[in-house]
Amino acid sequence: MAESDRAARIRSSEDKRLATTWAAARASTGDPATVAAKVAEVESMRGFFFNFPLQGAVMGATVFLIGAVESLIGAAVVRRRA
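Residues numbered from 1 in each chain as written. Predicted model: local features only at pLDDT ≥ 70, side-chain atom pairs only at ≥ 80, totals over all residues. Heavy atoms only, no water.

A.B. asks: Sorry if this is basic, but what is going on with the overall build of the protein chain here?
C.D. replies: Looking only at helices and strands, the protein chain features four helices and zero strands. Of the regular secondary structure in the protein chain, the N- to C-terminal order runs α-α-α-α. For 82 residues, the compact-globule estimate of 2.2 N^0.38 gives 12 Å, and the C-alpha radius of gyration of the protein chain, at 20 Å, exceeds that figure by more than 25%. C-alpha extents for the protein chain along the principal axes are approximately 60 × 45 × 15 Å. Looking at the protein chain as a whole, 11% of its 82 residues qualify as buried. Summing over all exposed atoms, the protein chain offers an accessible surface of approximately 6700 Å²; the carbon and sulfur share of this is 65%. (Helix = DSSP H or I, 4+ residues; strand = E, 2+ residues; numbered from the N terminus. Rg over C-alpha atoms; globule rule 2.2 N^0.38 Å. Buried < 20%, exposed > 50% of the residue type's maximum accessible area, 1.4 Å probe, protein only. Areas by Shrake-Rupley, 256 points an atom, 1.4 Å probe, with all protein chains shown as cover.)

A.B. asks: Help me understand a nonpolar patch on the surface, please; the structure alone is not making it clear to me.
C.D. replies: Together, Met 45, Phe 48, Leu 54 and Val 58 give the surface a local cluster of nonpolar side chains, amounting to about 350 Å² of exposed area. Checked against the element boundaries, Met 45 lands in the loop between helix 2 (32–44) and helix 3 (46–49). When its relative accessible area of 34% is taken as the criterion, Met 45 is described as partly exposed. (Patch = residues over 30% accessible without salt bridge, like charges linked within 9 Å, V, L, I, M, F, W, Y side chains within 5 Å. Salt bridge = Lys/Arg side-chain N within 4 Å of Asp/Glu carboxyl O.)

A.B. asks: Help me understand helix 2 in this model?
C.D. replies: One turn of the α-helix equals 3.6 residues, which is why residues spaced by three or four share an orientation. An ideal rise of 1.5 Å per residue puts 18 Å on 13 residues; helix 2 measures up with 18 Å between its terminal C-alpha atoms. Along helix 2, the residues classified as buried are Val 35, Val 39 and Val 42. With its buried residues spanning 55° around the axis, helix 2 presents them on a single face. Opposite the packed face of helix 2, turned more than 90 degrees from it, sit the exposed residues Ala 33, Thr 34 and Ser 44. (Expected span 1.5 Å × (residues − 1). Arc of directions from axis to C-beta.)

A.B. asks: What should I look at first to understand the pattern of salt bridges in this one?
C.D. replies: Close approach of charged atoms lets side chains of opposite charge pair. Counted according to the given criterion, the structure contains one salt bridge. With its nearest N and O atoms 3.5 Å apart, the salt bridge here joins Glu 41 to Lys 38. On the criterion of helical spacing, the pair formed by Glu 41 and Lys 38 is a turn pair, its members being three residues apart in helix 2.

Below is the structure:
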């Protein structure tokens, strides 16, 4: 697959995600100024949506932390029973 095809697919997916955000904002019953501020905040974070190295690092850290906590709880349970 050509790099330009991949980039176009990512942009299309990004646009769909932002369109969903706008649709949810329009359907919101909140104050229009608050809704507009929230949508602007989401748009300002647009670069994070498809930053794959960042997403990989966050996912890795999350999985590691969950595994560490689970291991500590398991160790405490086993130690108490022994």
